[in-house]
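Coordinate inspection notes
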Amino acid sequence: MTTVAEVAPSKSRIDWTKPVLWLFSAVLIALILLPMSWLAVFAFTTKARQPTLQNFITLFSDPDFLDPLLTTAIIATTSAAICCVVAAPISWLVSRTDMPGRQIIRALVTASFVTPPFLGAVAWELLAAPNSGLLNQLYRYLTKAESDAVLFNIYSLTGIIFVISCYTFPFVFVLVANALDNMPGELEDASAILGGKAWTTARRVTIPLALPALVAGSLIAFLQAMTLFGSPAILALPAGFHTMTTKIWSLFQYPPKLELAAAAAVPLLLLTIVLLQAQKFILGRRGYSVLGGKYGPPRRVEMKGWRWVALAFCLIMLLNPVFLPYFALFNAAFSPNATTLVTPGTFTLHNIVFVFTELSSTQLALKNTVILGTATATVGTILALVIAYVTTRRVITGSRVLGFLATAPVAVPGIVLGVGLFLSYTRPPFVLYGTLWILLVAFLTINLPSAYQQLQAAFATIHPELEEASRILGASRLQSLWRITAPLLRTGVIATWCFIFIGVMRELSAAIILFTSQTKVLSVLIYDLNESGDLAAIAVLGIAMLVITFAVVLAVNRIPMFGGSAGARLRNS
Amino acid sequence: MKQKLSRRDLLKGSAALGLTAISASVKAAAPEPSAITPALVEAAKKEGKVVFYSSMDLPVGEKLGKAFEAAYPGITMQIERSGSERLFQRVDQEFASNIRAADVINTSDASHTIPWKKNGWLAAFVPEDVARHFPEQYRDPDGMFALTRVYLSSIAYNTALVKAEDAPKSFADLLDPKWAGKMVKGHPAYSGTIMTATFQMVREFGWEYYEKLAKQRVMQVQSSTDPPKKLALGERAVMADGNEYNVVLLKEAGQPVEPVYPTEGAPTISGPTAIFASAPHPNAARLFQAWLHTRETQQFFTDFTAQYSVHAQVQSKPGRRKITDIKLMKEDAAGVEAMAEEIKTRYARLFRV
Amino acid sequence: MASVDLRGLTKRYGSTAAVDDVSLRIDHGQLVCLLGPSGCGKTTTLRLIAGFLEPTKGEIHVGERLVSSKARTLPPEQRNMSMIFQSYALWPHMTVAENIVYGLRLRKVDRETIAKKLAAILATTKLESLAQRYPGELSGGQQQRVALARALIVEPETLLLDEPLSNLDANLREEMRFEIRRLHDEYRYTTVYVTHDQSEAMTTADLIAVMNGGKIDQLGTPEDIYARPQSEFVARFIGASNVLKGTARDENHMSFAGATLRVIGAKLAAGQSAAVAIRQHDIQLATQAPASGENTIQATVTRQVYLGASRDYVVETADGSSLRIVTPTDVAVEKGREVWLTLPPDRCRALSR
């Protein structure tokens, strides 16, 4: 039997590819399985670590826990419905018609997406608090009504549903718009040739084809609404009720009832998993689609006389997540009284001065946020890149499991993850609580799935032969990944980096459980300021947050993200 | 141990402020008083930073911090502001994971010092000013905390929305149906002030009072610094509890708010400050604690923050109502400690959050 | 340079064998073509040789080394081979020059040598003026030459080509066929060339391996394959043949369509079914019965197409068999006419399988 002689001229180093890949798998497993295991331990055992179902019995027999469950269900369902009703027509108008200003609408939807929901909640407090809200003041002024007449009461179930819908509808928009963007124009041409008018075509061809995306989008919206912490925490307390997320958080009050918190997290987790499976079933494997298809550009429906009406409709819808709240924040930042309209006479920089020179937590929070944002984005992008590579090119056996693990965190609501990480890392051997590391782990876990999906889609556009050509000339897999694939993925990599960075900035539900005074981030600082009622400071910090976010987005504005790509520009032309 | 009730009149007047300090099983005597020495200042500057957990109103706290930084350049002050009950929970969490982040803590729930002393978490340190100028009943026999500030939780109303003659004058008035949907109050699970106030109220009026108040559709906020602000915004017309000093400060700033001192008496809140034994910047902590209780700083509290001081040399602010002129409810830190759990649970049940 | 030796190479996907027990020896310096329709396993074989796939069974030896076996497979980067891909796989973010020198850079060759070799290969492939362009700016033919240059500059032991010409238009394809052969003659690399186009194979190869269903059907020189096909598949695939099925009379006679044909080639077994191949242009078509009656069949014209350089006939014999015939243009017979076909015995090749 011939033995393998010494290796060929170019390489005789050890190929690090396989060990590196096994390492990444181990990291992934630690990120996900560890917190979930601790969660399970705490949920199913007593304080003495005896197995029991008592925690669940307590939970489900106490109206204090059942009420929030019901409330959350109502909020999530209604929000999802509203999101669909709003997002569907807007996506159709932007994607399939010749309505003017389509790029602007897409940009505004992006703005809605990057606005942190808790900031939107505070802004809406400024606008629609029953007595002091700007909109209510306007209403009373215009109608000369009684001083306690109220048009909008943001401190109510309706108010919460409204605010949550404002910042969740972009999720539905993205899915539906993507589906419509990639729908081959020929399908609608066929209908038109057979005599179908615009509305008939829309009804019988476009809508049925977009329906799976709509259903999938509504499931995502439901999940988002169910697991939000910031908006309910800010609006529900004054309104007088709890949601599941605020209830879980309240279980951390002294003395902490960790077993109950873990048990309360389980239904959220299970429901999320079930709904995600349903979504996958409906959508197949398409999550974030690759831009550009093999077909001709979509056939645009001519709106004729309706174009400006349509645009007005879109802009009015976007008043709610963007124009009005941003206005309220700017007003509060420069006014001595947060809900009084600023006038040239009362214009003051005092709030800004206070936040940036007197408030001692500002610098620390800004520093922590930027450090964590950058670190998470960088580590997350590399992690997602390698894992996407491994699963797309099927490098190791069980690469499918790796792909599953990379997407698994989507099933874990932020606050649940926070609880799991708290339970895992407040004990030896790894006491990460109190350091930035635990926040890094949390943010990484939360943002990895979408990063992975984006890069996976990007990988699909790169022909495997490009890497093979590199390998046959003597480069190892890792070298080829580095020299050939990564540069070609540059736009995708940068987009992913930005996506993660923005995701870190707006994250609150896990951070609120894991932070300590030295590891505070902007989102938590804003939440604390809301506790003490310092709305002007919130406005200033919120604007700072948005400025940073938009700077990051605009710095790479040619990137495929909600319509900023060349392909989408082509589509919109 | 012993509950000291003052037999002497207070230096300033007749109302009795009773502060019970129950020392724990540790029967150590208080250490010798310490002055602010150049050596201490040097050591503090080397450490360069002091981390202060406090529930003081944010601008007030930050102003204090800036004053300290101005007095001792080279030492930065980092203030972690949160409701006292939340701070208590955070401290508990941090200590459980061996995290030593905090140097000094000021809490508006005086009962917190009881478990902290029991756990041995506090460091004994007696500033010179405290030893010399603070009346005996306001000092901890073990020297583990000092009473930094005293204030009240009161009623207040928005003068643009409520005429003075219609304004409520007592806690009983708040139960009038005409105030339904028009009130705002804090929450004892977050705010030490509200926890203390609720205890005193329950002691005086029983839980029936809160059962009735809960039916008034009161807007629930977290911190006791928030109701005055909500009043100034015009969001609600009346505050059922909250920091009286915030109302006074807002009024001085031209906001349309007016405090009301309830006829039954206003709950009294004292805010002790303590140093943690595990403080990461022990010398800076000591310097700050000492500085906090000097006449100048205590005068600052009185002059600029509308709070009250027990330092013997501090002059009351002209035009400011003297604390001895206000009818107060009596404090009972041990009572609060015993009842805290029950207060949180029952309150949550009544007010549904 | 080295020989490439495939021994019993098999690659299974599930229960299907894409490559089934393939044994082939490519001598040092030879150019062997793997020819066959899509799905025959030629590309899989090539990728096995390259090391992108691992064999299920069998071995691959390059020179003295065992590079692929079920137990252990050397990765592509360690095989000292070069490959030209069907899509050329030029890296769009690198210039032509950078693409070409990639392999040398990996081998840590010094700058001077790189520059020299680059200049040489650019001259050989006539790409001097395009060195600084990007692949996206080049035509198909130019891209193909860059791929060639990139593969040749590293002076590999083995050169693999995967349908390199299929993306080019017809004229260019012809030109490049000769170019590849010329380069091979100059450099004499051991080359494996995969294609489905027989004219490519005929032009470039020393040896052709015709593949079908994962196996090598016939291995031989172009002339062998063309003139002496051994199987029905090869006969049909190479050149335009008719395959006549009938029963053998004896070793070299077969009855077909009522006539007895004398054939050459494989020895037939009397009484068994047999197949005989004859090229379409070897059949003679006449409107009258020929003088010699040997190997003559009667048939009717069912279709006739004028192709410019020739005429294409489809005729039907009495027993219903169809034959295709290509004749010079001056033989013009309309549809429906009766014709006599003469099949010269030395052109009737009996097939062994």
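Cut-off values and rules
- Residues numbered from 1 in each chain as written.
- Chains lettered and ligands numbered in written order.
- Predicted model: local features only at pLDDT ≥ 70, side-chain atom pairs only at ≥ 80, totals over all residues.
- Helix = DSSP H or I, 4+ residues; strand = E, 2+ residues; numbered from the N terminus.
- Buried ≥ 20, exposed ≤ 12 C-beta atoms within 10 Å, placed from the backbone.
- Contact = placed C-beta atoms within 7 Å.
- pLDDT = per-residue confidence, 0-100.
- Domains from an automatic or database assignment.
- Pairing = 2+ DSSP bridges.
- Axes fitted to C-alpha atoms, helices over the stretch in contact; angles between N-to-C directions.
- Core = buried A, V, L, I, M, F, W, Y, C linked by C-beta atoms within 7 Å.
- Nonpolar A, V, L, I, M, F, W, Y, C, P; charged D, E, K, R; others polar.
- Parallel < 35°, antiparallel > 145°, perpendicular 65-115°, else oblique.
- Left-handed = near helix turned anticlockwise from the far one by under 90°.
- Expected span 1.5 Å × (residues − 1).

Below, the discussion takes up the overall build of chain C. Counting secondary structure elements, chain C contains eight helices and 21 strands. Projecting the C-alpha coordinates of chain C onto the three principal axes gives extents of approximately 75 × 45 × 35 Å. When each of the 353 residues of chain C is scored for burial, the buried share is 42%. Counting only contacts in chain C whose residues sit at least 6 apart along the sequence, the fraction spanning at least 24 positions is 65%.

In terms of helices and strands, chain A carries 25 helices and zero strands. Classification of the 573 residues of chain A by burial places 54% in the buried group. Sequence-distant contacts in chain A: of pairs separated by 6 or more residues, those separated by 24 or more amount to 79%.

All names here are of chain A. With 90% of its residues at a pLDDT of 70 or more, chain A shows a mean pLDDT of 83. Mean pLDDT across the secondary structure elements of chain A bottoms out at helix α25 (residues 566-572), with 35, and peaks at helix α5 (residues 117-128), with 94. In the model, residues 286-294 has pLDDT below 50 throughout and makes 17 contacts with residues more than four positions away in sequence or in other chains.

Examined at the domain level, chain C breaks down into domain 1 (4-227) and domain 2 (240-350). Centre-to-centre separation of domain 1 of chain C and domain 2 of chain C, based on C-alpha positions: 40 Å.

Let us look at the sheet that holds strand β5 (residues 65-69) of chain C. The strands making up a sheet associate through backbone hydrogen bonding, with each pair oriented either parallel or antiparallel. Residue and element names in this part refer to chain C. One open sheet holds the four strands; their spatial order is β2-β1-β4-β5, and the pairing between them is antiparallel. Two strands close off the open sheet at either side, each with one partner strand: β2 (16-26) and β5. Adjacent strand axes in the sheet meet at a mean angle of 20°, parallel and antiparallel pairs treated alike. Two strands pair when backbone bridges link them, and strand β4 (residues 57-62) and β5 are joined in this way by four bridges, in the antiparallel orientation. For Val-62, the partnering residue across the bridge sits in β5 and is Arg-65.

Soluble globular proteins tend to pack their nonpolar side chains together in the buried interior. Core analysis: the biggest nonpolar cluster contains 376 residues, and Val176(A), Val419(A), Leu514(A) and Val276(C) have the highest contact counts within it. If you tally residues by element for this core, the top one is helix α7 (residues 157-181) of chain A, at 17 residues. Aside from chain neighbours lying at most four places away, what touches Val276(C) is Leu244(C), Met254(C), Leu261(C), Val263(C), Cys348(C), Arg349(C), Ala350(C) and Leu351(C).

Bringing the interface of chain C and chain A into the picture now. Across the boundary between the two partners, chain C contributes 27 residues, which contact 23 residues of chain A. If you list the elements that add at least two residues to the side of chain C that touches chain A, you get β5, β6 (81-84) and α2 (96-106) of chain C. When the residues that make up the side of chain C that touches chain A are grouped by side-chain class, the tally is 14 nonpolar, seven polar and six charged.

For the rest of this paragraph, the subject is the arrangement of the chains. There are two pairs of chains in contact here; the most contacts are made by chains A and B. Nothing in chain B touches chain C, and the closest approach of their C-alpha atoms is 49 Å.

Residue and element names in this part refer to chain C. Pairing is mixed across the open sheet formed by six strands, whose spatial order is β13-β12-β11-β15-β21-β14. The sheet is open, and its two edges are formed by β13 (259-262) and β14 (264-265), each paired on a single side. Both strand β12 (residues 253-256) and β13 contribute to a ladder of four bridges, which runs antiparallel. Pairing of Met-254 across the sheet is with Leu-261, part of β13.

This paragraph deals with the pairing of strand β8 (residues 155-158) of chain B. Looking along a regular strand, one sees the side chains alternate between the two faces of the sheet. Residues and elements named next belong to chain B. Neither face of β8 is left uncovered, since the one carrying Ile-155 and Tyr-157 and the one carrying Ala-156 and Asn-158 both have all their residues buried. When β8 meets strand β12 (residues 257-260), the two strands line up antiparallel, connected through four bridges. Its bridge partner lying in β12, Asn-158 is registered against Val-257.

Counting from both sides, the interface comprises 33 residues of chain A and, opposite them, 45 residues of chain B. Put simply, the parts of the chain that give the side of chain A that touches chain B at least two residues each are α10 (230-239), α14 (350-358), α15 (360-393) and α23 (522-531) of chain A. Among the residues making up the side of chain A that touches chain B, the classes are represented as 13 nonpolar, 16 polar and four charged.

A few words on the packing of α5(A) against α23(A). Residues and elements named next belong to chain A. Here α5 crosses α23 at 25°, and the two axes come no closer than 10 Å. With respect to each other, α5 and α23 are oriented roughly parallel. Two packed elements cross with a definite hand, and for α5 against α23 that hand is left-handed. Judged by residue contacts, Phe-118, Leu-119 and Val-122 of α5 engage Ser-523, Ile-526, Tyr-527 and Asn-530 from α23. Partitioning the contact of α5 with α23 into residue classes produces five nonpolar, two polar and no charged.

Before going further, it helps to spend a moment on unusual backbone geometry. All names here are of chain C. Of note, the phi angle at Asp-21 is positive, near 55°, even though the residue is not glycine. Residue position: Asp-21 is located in strand β2. Exposure remark for Asp-21: the 15 C-beta atoms within 10 Å place this residue in the partly exposed category. Although it is not a glycine, Asn-80 sits at a positive phi angle of roughly 55°. For Asn-80, the position within the fold is in the loop between β5 and β6. The class of Asn-80 is buried, set by 26 C-beta atoms lying within 10 Å.

Below, the discussion takes up helix α2 (residues 58-71) of chain B. In a regular helix each residue adds 1.5 Å, so 14 residues correspond to 20 Å; α2(B) covers 20 Å between its end C-alpha atoms and thus fits that length. Listing the buried residues of α2(B) in full gives Leu58(B), Val60(B), Gly61(B), Glu62(B), Leu64(B), Gly65(B) and Phe68(B). Summarising the contacts, the buried residues of α2(B) are in contact with α14 and α15 of chain A together with β2 (49-54), β3 (76-81) and α10 (282-292) of chain B.

Here the focus is the environment of Arg506(A). All names here are of chain A. Mapped onto the elements, Arg-506 comes out in the loop between α21 (490-505) and α22 (511-514). Given 19 C-beta atoms within a 10 Å radius, Arg-506 is considered partly exposed. Considering only alpha carbons, one finds Arg-506 and Ala-233, 273 residues apart in sequence, at a separation of 15 Å. Ignoring anything within four residues of it in the chain, the contact list for Arg-506 reads Pro-116 and Ser-523.

Now for the environment of Gly308(C). Here Gly308(C) is to be found in the loop between β17 (296-306) and β18 (311-317). Residue classification places Gly308(C) among the exposed residues on the basis of 6 C-beta atoms within 10 Å.

Turning our eyes to something else, we now look at the environment of Asp98(A). All names here are of chain A. Locating Asp-98 in the fold gives a position in the loop between α3 (63-96) and α4 (102-114). For Asp-98, a count of 14 C-beta atoms within 10 Å puts it in the partly exposed group. A C-alpha to C-alpha distance of 5.8 Å links Asp-98 and Arg-300, two positions 202 residues apart in sequence. Those residues within four positions of Asp-98 in sequence are excluded, and the remaining contacts are Arg-300, Glu-302, Met-303 and Arg-307.

Moving on, we get to the packing of α14(A) against helix α24 (residues 535-555) of chain A. Residues and elements named next belong to chain A. Where α14 meets α24, the closest approach of the two axes is 9 Å, and the angle between their N-to-C directions is 75°. Between α14 and α24, the angle falls in the class roughly perpendicular. Taking contact as the criterion, the partners of Asn-351, Ile-352, Phe-354 and Val-355 in α14 are, on α24, Ala-536, Ala-537, Val-540 and Leu-541. Split into classes, the residues belonging to the contact of α14 with α24 amount to seven nonpolar, one polar and no charged.

Right, let's talk about the confidence of the model for chain C for a bit. Mean pLDDT for chain C: 90, with 100% of residues reaching 70 or above. Here the prediction assigns the complex a pTM of 0.80, and the interface score ipTM is 0.84.

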